[in-house]
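Residue-level listing of the chains:
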Amino acid sequence: MFIHYGETDLTKYIKVRNVKRPLMSERENYTLSMPSLEGEVYSGHKYKPKTIEIDFALITKDNLTFFRFIEELGRALNVDQPTRLIIGDEPNKYYLAVIDGVTDIDKILSNGFRTLTFLCADPVAYSLEPSIFDFEGVGDFTVHNTGTTKTHPVIRTTFSNDAHFFQATNEVGQTVLIGNRPDVEKSSMPSVLEVLHEPCDTTAKFTATGNVLDSDR
C-alpha cells in the first residue's frame, strides 16, 4: 500500500504494515443548563482532531542506504503547515496532516518496526476530484452536496445580459445576495459608470469652507 505525503511517495523508504485511523473523530457535544428545566439543552457539537498511525518497516540493505533514507524521509516529513496525506486504501481522498510526537527521525528508525503518527487538526477527508456543476439558462439551479460533511462551495457566474442581482441560498434559507432586487415602486434606471462629472468652469455652486488644503497644495 502506498503512502503519499505532499510530493513524496513515502513507500520509497518504508514498507507499510498497518494503518490505524478511526472511522470518525471523537465528537464533543455542548449543552446548556437552564433553570427550572429538566436536564440540559443541546447547543451543538464539534469533532476533535484525528490521529492516523502508520506502522512500517524500513527498507534498506546497508548502513549507507539507511542514513540516506533517514535524511530524505526526515526532509519530507519536516513541514511548516498541514500537508496532503494520501493513503493507498483511499486513493481518491486526502487528509491535511502534520507529523506528531517524535521529531527525532533517528529514534523513529533506530530499530525494528516503528510507527509514524500524523495529526489531522482538520479531521475531514477531502476528495481529490472536486464536484463540478455547470448550469446555463434562466431560473433556479439546485446543487446537492454528495459528501458526508458540510462544505463551502466555490461559485463562479458569468452574466450574458444585464442583471439586477445574483443570489445563492442553502437548504435552511441562509442567503448570499450580490446586487439589489428590482423594486416595482421605483423606475428602472440604466447603469452608469460615471458618478460625478464636474468640469470646474465656474464656482457659482461651490461653498466656501475656509483654508482646508495642505500648505504645499
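Residues numbered from 1 in each chain as written. Predicted model: local features only at pLDDT ≥ 70, side-chain atom pairs only at ≥ 80, totals over all residues. Heavy atoms only, no water.

## Concerning the nonpolar core
The nonpolar side chains of a soluble globular protein tend to be buried, and buried together. Put simply, the rule reads: Here the nonpolar core consists of buried residues drawn from Ala, Val, Leu, Ile, Met, Phe, Trp, Tyr and Cys, with membership extended through side-chain atoms lying within 4.5 Å. Burial classification: accessible surface area is computed with a 1.4 Å probe over protein chains only, and a residue below 20% of its type maximum counts as buried, one above 50% as exposed, and the rest as partly exposed. Think of it this way: any DSSP run of H or I at least four residues long counts as a helix, any run of E at least two long counts as a strand, and we number them from the N terminus.
In this structure, I3, L10, I52, I54, L85 and F118 are the most contacted members of the largest nonpolar core, which totals 21 residues. For this core, the secondary structure elements donating two or more residues are β1 (3-5), β3 (14-20), β6 (50-58), α1 (63-77), β7 (83-87), β8 (93-99) and β9 (114-120). Per element, the largest residue contribution to this core is 4 residues, and it comes from α1.

## Brief notes about α1
Rules: Here the expected span of a helix is defined as 1.5 Å times the quantity of residues minus one. The directions from the helix axis to the C-beta atoms form the arc being described.
Between its first and last C-alpha atoms α1 spans 21 Å; for 15 residues at 1.5 Å apiece the expected length is 21 Å, and the two agree. For α1, every residue scored as buried is listed here: T65, F66, F69, I70, L73, A76 and L77. The buried residues of α1 occupy an angular sector of 140° when projected down its axis, which confines them to one face. Facing away from the buried surface of α1 by more than 90 degrees, the exposed residues are N63, L64, F67, E71 and R75.

## Considering the confidence of the model for the protein chain
This is how it is decided: pLDDT is a per-residue confidence score from the predictor, ranging from 0 to 100.
Averaged over all residues, the pLDDT of the protein chain is 81; the fraction at 70 or higher stands at 85%. Ranking the elements of the protein chain by mean pLDDT puts helix α2 (residues 105-108) last, at 53, and β7 first, at 94.

## Thoughts on the packing of aromatic side chains
Stated precisely, the cut-off is as follows: Note on ring pairs: Phe, Tyr and Trp rings are taken, using the six-membered ring of Trp, and paired if centres are within 6.5 Å. Classes follow the plane angle, with under 30 degrees stacked, over 60 edge-to-face and the rest tilted. In this scheme, the term charge over a ring applies when either NZ of a lysine or CZ of an arginine sits within 6 Å of the ring centre and within 35 degrees of the ring normal.
Here the structure, examined in full by the defined rule, presents 2 aromatic pairs. An angle of 50° between the planes, with centres 5.1 Å apart, marks the rings of Y5 and F118 as tilted. With Y5 in strand β1 and F118 in strand β9, this pair connects stretches of sequence that are 113 residues apart. Across this residue pair, the class does not change: Y5 and F118 are buried. Taking 5.6 Å as the distance between ring centres and 25° as the angle between the ring planes, the aromatic pair formed by Y94 and Y126 counts as stacked. Of this pair, Y94 sits in strand β8 while Y126 sits in strand β10 (residues 126-127), and the two are 32 residues apart along the sequence. Look at Y94 and you get buried, because its relative accessible area is 12%. Judged by relative accessible area, which is 32%, Y126 ranks as partly exposed. A cation over a ring is seen here: R84 above Y94, with NZ or CZ 4.0 Å from the ring centre.

## Here's the deal with the pattern of salt bridges
Where charged atoms from two side chains of opposite charge approach closely, those side chains can pair. Put simply, the rule is: Definition used for salt bridges: Asp or Glu carboxyl oxygen within 4 Å of a side-chain nitrogen of Lys or Arg.
Here the structure, examined in full by the defined rule, presents 8 salt bridges. Note that K48 and E26 form a salt bridge whose closest N and O atoms lie 3.6 Å from each other. Pair noted here: K48 is in the loop between β5 (41-47) and β6 and E26 is in the loop between β3 and β4 (27-32), with a separation of 22 residues, a long-range link. Looking at K48, the relative accessible area reads 29%, which means it is partly exposed. On the basis of relative accessible area, E26 is assigned to the exposed category, the value being 52%. In this structure, E71 and R75 form a salt bridge, with 3.6 Å as the shortest nitrogen-oxygen distance. Note that E71 and R75 are positioned in helix α1 at a spacing of 4 residues, about one turn of the helix. Of the two residues, E71 and R75, both sit in the exposed class. Three or more residues are tied together by salt bridges with common partners; here these are R21, D89, E90 and K93.

## Considerations on a nonpolar patch on the surface
Put simply, the test is: Here the term patch refers to residues with relative accessible area over 30% and no salt bridge, with like charges joined within 9 Å and nonpolar side chains (Val, Leu, Ile, Met, Phe, Trp, Tyr) within 5 Å. Computed by Shrake-Rupley with a 1.4 Å probe, the accessible areas treat only the displayed protein chains as cover when residues are assessed.
Side chains of L32, M34, L37 and V41 sit close together on the surface and give an oily, nonpolar patch of about 330 Å² of accessible area. With respect to the helices and strands, the residue L37 is situated in the loop between β4 and β5.

## Here's the deal with unusual backbone geometry
Phi at S36 takes a positive value of approximately 65°, unusual for a residue other than glycine. Along the chain, the position of S36 falls in the loop between β4 and β5. Non-glycine residue C200 carries a positive phi angle of around 60°. Position of C200 relative to the elements: it lies in the segment after β12 (175-179).

## Overview of the pairing of β6
Just so we agree on the cut-off: Should DSSP find at least two bridges between two strands, the strands are taken to pair.
The pairing of β3 with β6 spans 6 bridges and is antiparallel. Directly across from K20, in β6, lies its bridge partner E53. Pairing of β6 with β9, which is carried by 7 bridges, proceeds in the antiparallel orientation. Opposite T51, over in β9, you have L119 as the bridge partner.

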